[in-house]
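Descriptive structure summary
The primary structure of each chain is shown beneath.
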Amino acid sequence: MTTRLSQWLTVLVVLFALPVLASDVPESGAWVGTVREQELHLSLHPKDRPDSQHGFSAPLTAFQGLSTKEGSSAPFKLVREAGTFAFEGRFGTQQGTGTWRFTPDATYAKALSDLGIPKPNAQEQLTLATVDVGPARAKALAAAGYRLSSVEYLLQVGIFNVTPEYVRALAAAGYPKLSLDEVVQSRIHGVTPERIQALAAAGYKGLEMETLLSMSIHGVTPEFIREMRGLGFKDLKGEELVGLRIHGVTPAFVQEMRGLGYTNASADDLMQLRIHGIDSVFVRSLSKDAGTPRKP
């Protein structure tokens, strides 16, 4: 699992817990920090809920007064739009531990309200601070045509790093009128302008966003397309390529089955074999018991 995805999942755990948490969740607790390249990855554990956590990373340069040298015990801060994290503790080798306290920014909720976003509760404001999103991003997205109407959308924008630059890049790549939900899904599933261009160069230009998302979700890459074309599957639609990936019809599987005599099997034939659990091991077992299998 990638570092970025694990961070998203950590924050999502917090979000799913929001409805059951009181609005006066403690804003202090213990922290563990790990230095990874030029970032500090933090796990914050609220004082009265040690089984929950907020996990996020920030560049070392974003902190005030931070020293990660072994033995360092200087207090340091992380200032966000939503408020300020104050840390105390000590660093060992590439890792530190200690206590934290979050002081919410008193003007933050009013600034969101002026943009049509309801006031976040204490827990939501803490989470918004961890993902570093607030009025500035909301204003920039509104200028790009995406007006946020809820704290939930603001959280999604922060967690998945939906920026005006990303919105403009999608528009330039041929997707100018997506809904906010589509933009968020595109970000989650790695639909980048570079990926769109690579698929277009492979012959898949102007795809519907739903198809593009499915191709991204199921790993239909330009490399996979080239490999399947090299095996004779030259005119498959995007949905057919997705079907092959879903059912595990890989270039290796195609070659294995052809080596057993299935030289004329179509893409659909191969998917049906996979769906019904027919692979090279199964075919060889039939060959031993009943002779050479009939070929489609």
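Criteria and thresholds
- Residues numbered from 1 in each chain as written.
- Predicted model: local features only at pLDDT ≥ 70, side-chain atom pairs only at ≥ 80, totals over all residues.
- Heavy atoms only, no water.
- Helix = DSSP H or I, 4+ residues; strand = E, 2+ residues; numbered from the N terminus.
- Buried < 20%, exposed > 50% of the residue type's maximum accessible area, 1.4 Å probe, protein only.
- Contact = heavy atoms within 4.5 Å.
- Axes fitted to C-alpha atoms, helices over the stretch in contact; angles between N-to-C directions.
- Parallel < 35°, antiparallel > 145°, perpendicular 65-115°, else oblique.
- pLDDT = per-residue confidence, 0-100.
- Polar contact = N/O pair within 3.5 Å; in protein donor to acceptor, adjacent residues only side chain to side chain.
- Arc of directions from axis to C-beta.
- Pairing = 2+ DSSP bridges.
- Core = buried A, V, L, I, M, F, W, Y, C linked by side-chain atoms within 4.5 Å.
- Patch = residues over 30% accessible without salt bridge, like charges linked within 9 Å, V, L, I, M, F, W, Y side chains within 5 Å.
- Areas by Shrake-Rupley, 256 points an atom, 1.4 Å probe, with all protein chains shown as cover.
- Salt bridge = Lys/Arg side-chain N within 4 Å of Asp/Glu carboxyl O.
- Lys, Arg positive; Asp, Glu negative; His and termini not counted.
- Charge placed at Lys NZ, Arg CZ, Asp CG, Glu CD.

Digging into the overall build of the protein chain
A count of helical and extended segments in the protein chain gives 14 helices and 7 strands. Buried positions account for 43% of the 296 residues belonging to the protein chain. Across the protein chain, contacts joining residues at least 24 apart in sequence account for 51% of those joining residues at least 6 apart.

Points about the packing of helix H10 (residues 222–230) against helix H11 (residues 238–246)
Two elements in contact, H10 and H11, have axes separated by 12 Å at closest approach and are oriented at 90°. Taken together, the axes of H10 and H11 lie roughly perpendicular to each other. Seen from H10, the contacting residues are Phe-224, Ile-225 and Met-228; seen from H11, they are Leu-241, Leu-244 and Arg-245.

Some details on the environment of Ala-111
As for its position among the elements, Ala-111 is in helix H2 (residues 108–114). The exposure class assigned to Ala-111 is partly exposed, which follows from its relative accessible area of 26%.

Regarding the confidence of the model for the protein chain
Scored by pLDDT, the protein chain comes out at a mean of 89, with 88% of its residues at no less than 70. Ignoring residues within four places in sequence, the model shows residues 1–26, a span with pLDDT below 50, making 36 contacts including any to other chains.

What about the side chain of His-41?
Checked against the element boundaries, His-41 lands in strand S2 (residues 39–46). His-41 gets classed as buried once you look at its relative accessible area, which sits at 14%. Separated by 3.0 Å, the side chains of His-41 and Ser-57 make a polar contact.

Things to note about helix H8 (residues 193–201)
Buried residues of H8: Pro-193, Arg-195, Ile-196 and Leu-199, and no others. Looking straight down H8, one finds its buried side chains confined to an arc of 165°; they lie on one side. Relative to its buried face, H8 has exposed residues pointing more than 90 degrees away, namely Glu-194, Gln-197 and Ala-201. Just downstream of H8, Gly-203 is the residue with a positive phi angle, here 105°.

With respect to the pairing of strand S6 (residues 83–91)
Alignment of strand S5 (residues 76–80) against S6, held across 5 bridges, turns out to be antiparallel. Across the sheet, the residue bridging to Phe-76 is Phe-87, located in S6. Between S5 and S6, which pair antiparallel one after the other, the connecting turn spans 2 residues. The pairing of S6 with strand S7 (residues 95–104) spans 9 bridges and is antiparallel. Residue Ala-86 lies in a different strand from S7, and its bridge partner there is Arg-101.

Side note on the nonpolar core
Residues Phe-63, Phe-85, Phe-87, Leu-241, Leu-244 and Leu-270 are the most contacted members of the largest nonpolar core, which totals 75 residues. If one sorts the elements of this core by residue count, helix H5 (residues 151–159) sits on top with 5 residues. Those residues within four positions of Phe-63 in sequence are excluded, and the remaining contacts are Leu-40, Leu-42, Ala-58, Phe-76, Lys-77, Leu-78 and Phe-87.

Structural notes on the sheet that holds S2
Each strand in a sheet pairs with its neighbour through backbone hydrogen bonds, running either in the same direction (parallel) or in the opposite one (antiparallel). The strand order across the open sheet formed by 7 strands is S3-S2-S1-S7-S6-S5-S4, and the pairing between neighbours is antiparallel. Each of the sheet's edge strands pairs with one partner strand only, and the pair in question is strand S3 (54–59) and strand S4 (63–64).

So, a negative patch on the surface
A surface patch of negative charge is lined by Glu-208, Glu-210, Glu-239, Glu-240 and Asp-268. As for its position among the elements, Asp-268 is in helix H13 (residues 267–275).

Let's talk about the pattern of salt bridges
Between side chains of opposite charge, a pair can form as their charged atoms come close. All chains considered together, the criterion is met by 4 salt bridges. Note that Arg-168 and Glu-165 form a salt bridge whose closest N and O atoms lie 3.7 Å from each other. Here Arg-168 and its partner Glu-165 are both found in helix H6 (residues 164–172), 3 residues apart, which amounts to about one turn of the helix. What makes Arg-168 partly exposed here is its relative accessible area of 48%.

Some remarks on the pairing of S2
A regular strand places its side chains on the two faces of the sheet in alternate fashion. Of all 8 residues in S2, 6 are buried; the element is thus mostly enclosed. Both strand S1 (residues 28–36) and S2 contribute to a ladder of 8 bridges, which runs antiparallel. Residue pairing across strands places Thr-34 opposite His-41, the latter belonging to S2. Connecting S1 to the antiparallel partner S2 that follows it, the hairpin turn spans 2 residues, and Glu-37 within it adopts a positive phi of roughly 55°. Taken together, the 6 bridges between S2 and S3 define a ladder with antiparallel strand orientation.

A closer look at H6
Those residues of H6 lying buried are Pro-164, Tyr-166, Val-167 and Leu-170. One side of H6 holds all its buried residues, which, seen down the axis, span an arc of 165°. The inward-facing, buried residues of H6 abut helix H4 (135–143), helix H7 (180–188) and H8. Where H6 terminates, the next one or two residues include Gly-174, which has phi positive at roughly 110°.

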